[in-house]
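# Reading the structure
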Amino acid sequence: MYPIQNGTRRTRDHNTNHNLLLQPVGIYPKKYEWAGIQESGDCSLWVRAATLEFDDGEWECQVTASDFTTQDALTSSPVRLVVRVAPQRPRVEYNTSQVLPGHNVTAQAGERATVKCVSRYGNPPARLKWLLGDEELTTSTNQSNSTELDNPRTWVATSVLELSFTKQQHGRVLKCVALHESYSTKSQVIEVRLNVRYPPEVRLQGAPTQDLEEGRDSIVLRCLADANPPAKIVWKRMGRSDIASLEETLQFRPLGRRDSGTYTCEAQNVVGASEPISVQIDVKYPPQIIDVGPDRVMTAPLYSQATFSCTAEGNPLPTYQWLQKLPTAEGTVLIRGSDSRLHISNVTYDYKGEYVCKATNVIAGVERLVQSEAISVQVVGAPQVLRQSGGREVVVARGQDALLRLVVCADPRPRRAAWEWGSLQLEAGADLGRYKAEELAQDAREDCYEARLHVREVDPADSRNYYLAVENERGTDRHAVHLAVREPVSMATLLSLAAGSLLLLLVLVCFTVYAMRREKCCFARRGDFRPSDLESEKSDVDSAAGRKTPRLENQGLGGGGTIPAEAIYSTSPSRRPHTITGGSPEAMKRRCNISNNSGRATKTKKDRDTTKDNLYADLQVPTISNNGSTMTMTMMNKVNPSSPSRQHLRSDNYFQQQPHRTNDYYMSGHFQPNSFERAEI
């Protein structure tokens, strides 16, 4: 039983019993029956086997008037009784067509399409929601409910989804969920799959990252296309109109130099075509000489011009070198050029020999080279005396033998060679007194010969130029070498030089010893501390701190006197020495006075007469305590106490009198501080 409440709707499933608080208007057994006790005012009503056709709708409870004259009839507010009917399974519609579960919703990337979800014949209407994968789509959705045309007591629920299709959504599941209490699981789901079409995008695999060498390496290029629907692959070689391949892979096994080039990969489907992607294949191969010339054997006249050419191919482009192998036993090799073309503007016998062209490149960090066949160069012409062969001058001591040598090159061989000097001429193979000319001897180089002239027991008159004159069928040449005769060095000269060197060495040693000793002395002046120096340092510190300084025993003043340290030392940041001068010669001998400005003790005549046994001590304040000031002290014995100087010293408390001595000793001090210094007495 349910109490009747104004504006209240009661909902019950179809084919179930319902009770409704009503005042009875009619009782039908097994359909509408009293559910309460009328006498107590409970007019609840059972609605048996509720049906959509008869029981769904608004109900009112009415009470008739107690008397027709009172007009006290009552009518309740309408109450809605909803008989729930489970709707059909939802379905998805796209482009006015139903999409079966598991089928595709096809659209092109970038398009905005409308997808509908319809739930029919439900009471009340189902609530619909959309999910893309597991993500609920709350925006761009709109649900509308309306009664069915063929059954106005049921409802059709329609949800419209405005969806912008992207490439990333391809293959994802789109779900429509219908929520209704009459479903056994409270909901029904239909799933469709998004089929987003988009143009292809390609990427390349297998692009070379290092040098590829012909005949040794292979390569497999793969063109991967991302497209829906699947795209067709086309490989092309730049500069050619034909298609290199229609497959996803492009292979070269093994690589050849003809495979070098730029290859492009492009994909195409019904939506569009991809941007082409390119890859450069550069096949390396070692150099190979194609041509060298002009001929394998070449004859060049002396002082003429000669040109050689070399052509080589390779990848990378090779570099060139022209090498000349000299016709000697050692086989010396010279670099004559670094270009494909070698030009000699002035041919001499130095250019005679074999020439090869060397081509070089580098593949994968390894040098590759090849050499051409040799070109033999013959130089013909007049003789040529090599200027650098014998030197410009030969120096010999007087009385010794001299040998003059020059090298001459000629093709054909010289028919005449002679040495000339002054008015004399000596043919090769002849001799004249002290002079002898050897026959031309074969040199290490081909077509070159060495001429030699011997001069025995030379004297200063032999100092001159000696010319070698050579001749063959093509001409002549003449060149000189100078002979210089020097007087021999006498034994006296050698001894003098040795003595001078020894004396100089001795002077250097003495100077070094003197410098070292002076340096040590200067070092002692700056940093040679003695125990008295340490006491001086302590006195300085105590004076600066206001503490009482122990007295210093003056052994040089008779053994018993004491002098306050404050009267001797002063404290200042400067490090120049105070010098206290005085005392006996014996004391001066015992100690080294290192101050150049030290004062000397002075005594008056009266003092000398009355104090014959006075002792003078040359006292030096440690270098750490003085400031470069000069202090001169004079110690006196038995001075008249009434003398002005003594009174002055006593009144200023410069020194203290020793209390237990018969003879009193006094010291007068004179300080000469440097400017800007502070002296404490």
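Residues numbered from 1 in each chain as written. Predicted model: local features only at pLDDT ≥ 70, side-chain atom pairs only at ≥ 80, totals over all residues. Heavy atoms only, no water.

## A look at the overall build of the protein chain
Defined as follows: Note on conventions: DSSP H or I runs of at least 4 residues are helices, E runs of at least 2 residues are strands, and numbering of each starts at the N terminus. Each residue gets one of three labels from its accessible area relative to the maximum for its type: buried under 20%, exposed over 50%, partly exposed in between, using a 1.4 Å probe on protein chains only. Residue contacts are defined here by distance: any two heavy atoms, one from each residue, within 4.5 Å place the two residues in contact. With residues, only the protein chains shown are counted as cover, and all accessible areas are computed by Shrake-Rupley using a 1.4 Å probe.
When helices and strands are tallied, the protein chain shows 6 helices and 49 strands. For the protein chain, the residues scored as buried account for 39% of the 681 residues in total. For the protein chain, restricting intrachain contacts to residue pairs at least 6 apart in sequence, the fraction spanning at least 24 positions comes to 65%. Accessible area of the protein chain: about 39,200 Å², with a carbon and sulfur share of 50%.

## Comments concerning the environment of I219
Mapped onto the secondary structure, I219 falls in strand β20 (residues 219–228). Judged by its relative accessible area of 6%, I219 falls in the buried class. For I219 and L250, which are 31 residues apart along the polypeptide, the C-alpha to C-alpha distance reads 8.3 Å. With residues near it in sequence (within four places) discarded, I219 still touches G206, P208, L212, L250, Q251, F252 and L255.

## Points about the sheet that holds strand β28 (residues 306–315)
Each strand in a sheet pairs with its neighbour through backbone hydrogen bonds, running either in the same direction (parallel) or in the opposite one (antiparallel). What counts is decided by this rule: We call two strands paired when DSSP finds no fewer than two bridges between them.
Pairing in this open sheet of 4 strands is mixed, and the strands run β19-β26-β28-β31 from one edge to the other. In this open sheet, the two edge strands, each paired with only one partner strand, are β19 (212–213) and β31 (341–344).

## A closer look at the side chain of T249
Position of T249 among the secondary structure elements: in strand β23 (residues 249–252). Exposure remark for T249: the relative accessible area of 16% places this residue in the buried category. Discounting residues that sit within four places of it in the chain, T249 has contacts with V220, L221, R222 and W235.

## Some remarks on the packing of aromatic side chains
What counts here: Stacked, edge-to-face and tilted are the three classes for Phe, Tyr and Trp ring pairs, Trp counted by its six-membered ring, which pair at centre distances within 6.5 Å; planes under 30 degrees apart are stacked, over 60 edge-to-face, the rest tilted. By the criterion adopted, a ring carries a charge over it if an Arg CZ or a Lys NZ lies within 6 Å of its centre and within 35 degrees of its normal.
What the rule picks out here adds up to 6 aromatic pairs. Ring centres of F308 and W322 lie 5.8 Å apart, and the angle between their planes is 45°; this geometry places the pair in the tilted category. Of this pair, F308 sits in strand β28 while W322 sits in strand β29 (residues 319–325), and the two are 14 residues apart along the sequence. Among the residues examined, F308 registers a relative accessible area of 1% and is labelled buried. Judged by its relative accessible area of 0%, W322 is buried. Their ring planes at 45° and their centres at 5.4 Å tell us that W421 and Y466 sit as a pair that is tilted. Note that W421 is positioned in strand β37 (residues 416–421) and Y466 in strand β43 (residues 464–472), a separation of 45 residues in sequence. Grouped by ring-pair contacts, the aromatic residues F308, W322 and Y355 constitute a single cluster. Over the face of the ring belonging to Y285 we find R257, whose NZ or CZ atom lies 3.8 Å from the ring centre. The positively charged end of R478 is found above the aromatic ring belonging to Y467, 3.9 Å away from the centroid.

## Remarks on the state of the cysteines
In a disulfide, the sulfur atoms of two cysteines are held together by a covalent bond. Put simply, the rule is: By convention in this document, the label disulfide applies to cysteine sulfur atom pairs within 2.5 Å.
Within this structure, the stated rule accounts for 4 disulfides. Paired through a disulfide, C310 and C357 show a sulfur-sulfur distance of 2.1 Å. Taking the sign of the S-S torsion, -85° for the link of C310 and C357, the bridge is left-handed. Of this pair, C310 sits in strand β28 while C357 sits in strand β32 (residues 353–363), and the two are 47 residues apart along the sequence.

## Quick notes on the nonpolar core
Counted only if it meets this: Among the buried residues, those of types Ala, Val, Leu, Ile, Met, Phe, Trp, Tyr and Cys that are joined through side-chain atoms within 4.5 Å form a nonpolar core.
Ranked by internal contacts, the top residues of the largest apolar core, which has 26 residues, are F308, C310, W322, Y355, C357 and I375. At the level of elements, β26 (283–293), β27 (297–301), β28, β29, β31, β32, β34 (375–385) and β36 (402–411) are the ones that each hand at least two residues to this core. Ranked by residues supplied to this core, first place goes to β28 with 4 residues. When neighbours within four sequence positions are excluded, Y355 is seen to be in contact with W322, L323, Q324, R336, L342, I344, E373, A374, I375 and V377.

## Details of the environment of P78
Within the secondary structure, P78 is located in the loop between β7 (74–75) and β8 (79–84). Expressed as a C-alpha distance, the spacing of P78 and C61, which sit 17 residues apart in the sequence, is 8.0 Å.

## Observations concerning a nonpolar patch on the surface
Stated formally: A residue counts toward a patch only above 30% relative accessible area and without a salt bridge, and it is joined to like-charged neighbours within 9 Å or, for Val, Leu, Ile, Met, Phe, Trp and Tyr, to nonpolar neighbours within 5 Å. Salt bridges, as used here, are contacts in which a Lys or Arg side-chain nitrogen is within 4 Å of a carboxyl oxygen on Asp or Glu.
On the surface, M491, L494, L495 and L497 cluster together into a nonpolar patch covering about 430 Å² of accessible area. By the secondary structure assignment, L494 is in helix α2 (residues 491–527).

## Let's talk about the sheet that holds strand β24 (residues 261–268)
Here is the rule we go by: Helix axes are fitted only over the stretch in contact, all axes being lines through C-alpha atoms; the angle between N-to-C directions runs from 0 to 180 degrees.
Judged by pairing direction, the sheet is antiparallel, and its 4 strands sit side by side in the order β22-β21-β24-β25 without closing on themselves. With one partner strand each, in any of the chains shown, β22 (243–245) and β25 (277–281) form the two edges of the open sheet. Put simply, the sheet's adjacent strands are angled 35° from each other on average, direction ignored. Here β24 pairs with β25 via 5 bridges, running antiparallel. Residue pairing in the sheet places Y263 in a bridge with V279 of β25.

## Overview of the confidence of the model for the protein chain
Operational definition: pLDDT gives the predictor's per-residue confidence on a scale running from 0 to 100.
The predicted model of the protein chain has a mean per-residue pLDDT of 78, with 72% of residues at 70 or higher. Here residues 544–667 is modelled with pLDDT under 50, and outside its nearest four sequence neighbours on either side it reaches 246 contacts, counting other chains as well.

## Quick notes on the side chain of D477
For clarity, the cut-off: What qualifies as a polar contact is a pair of N or O atoms within 3.5 Å, subject to a donor-acceptor requirement within protein and to the restriction that residues adjacent in sequence count only when both atoms come from side chains.
Secondary-structure assignment places D477 in strand β44 (residues 475–486). Only 2.9 Å separates the side chain of D477 from the side chain of R387, close enough to count as a polar contact. If we ignore the near neighbours within four places in the chain, the residues touching D477 are P383, Q384, V385, R387, L468, A469 and V470.

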